[in-house]
Amino acid sequence: MQFPFVVAVDGPAGSGKSSVSKAVARRLGYGFLDTGAAYRALAWHAEAGGVEPEDAASVISCLASFDYRIGTDPAGYRVHVGATDVTDAIRDPQISSVVSLVARVPEVRTHLIELFRSIIAAEQRPGIVVEGRDITTVVAPDAPVRILLTASEEVRMSRRAAELTGHDAGKTGEQLRARDRADSKVVDFTNAAEGVTVVDSTELDFEQTVDAVIAVVESVSAE
Ligand SMILES: Nc1ncnc2c1ncn2[C@@H]1O[C@H](COP(=O)(O)OP(=O)(O)O)[C@@H](O)[C@H]1O
Ligand SMILES: Nc1ccn([C@@H]2O[C@H](COP(=O)(O)OP(=O)(O)O)[C@@H](O)[C@H]2O)c(=O)n1
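Each residue is numbered by its place in its chain's sequence as written, counting from 1. By the order in which they are written, chains take letters starting at A while ligands take numbers starting at 1. Only residues with pLDDT of at least 70 get local features here, since the model is predicted, and only at 80 or more are side-chain atom pairs given and counted; chain-wide, interface and lining totals rely on the full set of residues. With hydrogens and water excluded, all non-hydrogen atoms of the structure serve as input to the side-chain values.

As recorded in an unreviewed UniProt entry, the protein chain goes by the name Cytidylate kinase, listed as coming from Agromyces lapidis. Of the comments in the UniProt record for the protein chain, the one headed Subcellular location (unreviewed entry) reads "Cytoplasm". UniProt positions are given in the numbering used here, feature names are shortened, and annotations may be inferred rather than shown by experiment. The UniProt entry for the protein chain carries the following text under Sequence similarities (unreviewed entry): "Belongs to the cytidylate kinase family. Type 1 subfamily."

So, on to the nonpolar core. To define a nonpolar core, start from buried Ala, Val, Leu, Ile, Met, Phe, Trp, Tyr and Cys residues and group those joined through side-chain atoms within 4.5 Å. The buried label goes to any residue with under 20% of its type's maximum accessible area, the exposed label to any with over 50%, and the partly exposed label to all in between, with areas taken from a 1.4 Å probe on protein chains only. Counting 59 residues, the largest nonpolar core has Val79 and Val108 as the members making the most contacts within it. If one sorts the elements of this core by residue count, helix 2 (residues 36-48) sits on top with 7 residues. Here a residue-residue contact requires only that any non-hydrogen atoms of the pair lie within 4.5 Å. Contacts of Val79, omitting those with residues within four sequence positions, involve Ala37, Ala41, Tyr68, Arg69, Ile70, Thr84, Asp85, Val86, Thr87 and Ile90. Elements are defined by DSSP. Helices are runs of H or I of four residues or more, strands are runs of E of two residues or more, and each kind is numbered from the N terminus.

Our next topic: the sheet that holds strand 4 (residues 79-81). Note on pairing: DSSP must find at least two bridges between two strands before they are called paired. In space, the 3 strands of this open sheet follow the order 3-4-5, with antiparallel pairing throughout. Strand pairing shows two members of the sheet lacking a second neighbour, strand 3 (68-70) and strand 5 (84-85), which therefore form its edges. Where strand 4 meets strand 5, 2 bridges bridge the pair, whose relative direction is antiparallel. For His80, the partnering residue across the bridge sits in strand 5 and is Asp85. Note on definitions: angles span 0 to 180 degrees between N-to-C directions of axes, and those axes are lines fitted to C-alpha atoms, for helices only across the stretch in contact. Here helix 2 sits on the sheet and contacts strand 3, strand 4 and strand 5; the angle it forms with strand 4, its principal contact strand, is near 35°.

Here a residue is near a molecule or strand as soon as one of its heavy atoms is found within 4 Å of it. Taken together, the neighbourhood of ligand 1 is formed by 17 residues, with Gly14, Lys17, Ser19, Arg160 and Thr209 sitting nearest. Polar contact is the term for a pair of N or O atoms within 3.5 Å; when the atoms are in protein, one must be able to donate a hydrogen and the other to accept it, and sequence-neighboring residues count only if both atoms are side-chain atoms. A distance of 2.8 Å separates an oxygen atom of ligand 1 from a polar backbone atom of Gly14. A distance of 3.3 Å separates a nitrogen atom of ligand 1 from a polar backbone atom of Phe206. In isolation ligand 1 offers 570 Å² of accessible surface; the protein chains occlude 81% of this area. Mapped by element, the contributors of at least two residues to the shell around ligand 1 are helix 1 (17-28), helix 7 (153-163) and helix 9 (206-221). When residues of the shell around ligand 1 are assigned to their parent elements, the largest contribution, 4 residues, is made by helix 1. Surface accessibility follows the Shrake-Rupley procedure with a 1.4 Å probe radius. Residue values consider only the protein chains on display as shielding.

Compared with an ideal rise of 1.5 Å per residue, which puts 13 residues at 18 Å, helix 2 spans 18 Å between its outermost C-alpha atoms and is within 8% of the ideal. Every buried residue of helix 2 is accounted for by Ala37, Ala38, Tyr39, Arg40, Ala41, Leu42, Ala43, His45 and Ala46. Directly after helix 2, the chain includes Gly50, whose backbone phi takes a positive value near 75°. Multiplying one less than the number of residues by 1.5 Å gives the expected span of a helix.

With that out of the way, let us pick up the packing of helix 1 against helix 9. How two helices sit against one another is set out by the angle between their axes and by the gap between those axes. Look at helix 1 against helix 9: their axes get within 9 Å of each other, and the N-to-C directions meet at 60°. The pairing of helix 1 with helix 9 is recorded here as oblique in orientation. At the point where helix 1 passes helix 9, the crossing takes the right-handed sense. Taken together, the residues of helix 9 that come into contact with helix 1 (itself represented by Ser19, Val20, Ala23, Val24, Arg27 and Leu28) are Phe206, Glu207, Thr209, Val210, Asp211, Val213, Ile214 and Val217. By the definition adopted for this analysis, an angle is roughly parallel if under 35 degrees, roughly antiparallel if over 145, roughly perpendicular if from 65 to 115, and oblique otherwise. In this scheme the handedness of a crossing depends on how the near helix is turned from the far one: anticlockwise by less than a right angle means left-handed, clockwise means right-handed.

Along strand 2 (residues 31-34), one buried face is formed by Gly31 and Leu33 and the opposite face, lined by Phe32 and Asp34, is buried too. Relative to strand 6 (residues 127-132), strand 2 is paired through 4 bridges, and the arrangement is parallel. The residue of strand 6 that forms the bridge with Phe32 is Val129.

Right under this line is the structure:
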């Protein structure tokens, strides 16, 4: 069997990829890798260096000094760029509003995909749940378990709005839609590629969604 055992999870913003994947990893004793954090951290690094995120050539030049580290413990992980802990800073709505500009640059994607593969290969737990937009198709297309986690746009918006108290729900929803539109021009995370199992959480609560993902993992493990 391939080591570590990779569970690849893709989906749009607010579908539950991060929270559900983390809970699945904890239940299975696996590691957890949030790939979106790297795109966010690079957007943070570019802005900290005075680089406009629209300026692809300058964003590419930031890659050389992008000293990125992330843990894979699903019970809690920190994100660092150099000596700076950016775990909270990368969740700022300002970063969410520019991250797609950074993620659309092919050189950025190539660089980060290599980084993700090396983090996956270094995992010491028996498996790792990896979530993002292109994990099932590009980062780990050979993963034994590949899942597309979806939920209706309305449900995704209301879950995110409930999270971001103090922010305007209408504005948050519009930002989320705009980010999905921009991201879907770069990778297709709305249609399941061949061999990818769709888990639609629109009608499921959080625990039911975790159970549904675990059931997919168990069905593959039992083969
Ligand atoms: N099935 C579900 N039912 C209710 N809330 C959920 C469900 N799945 C996820 N959530 C909640 O929705 C929010 C967005 O989930 P998150 O994991 O951040 O999504 P993503 O990583 O896909 O952007 C979180 O507050 C999470 O707890
Ligand atoms: N595998 C990935 C993961 C994220 N991303 C980019 O990184 C951004 C942030 O990802 P995220 O997973 O933190 O986003 P949320 O859906 O959790 O809000 C996305 O909007 C994409 O632009 C990507 O291009 N490919």
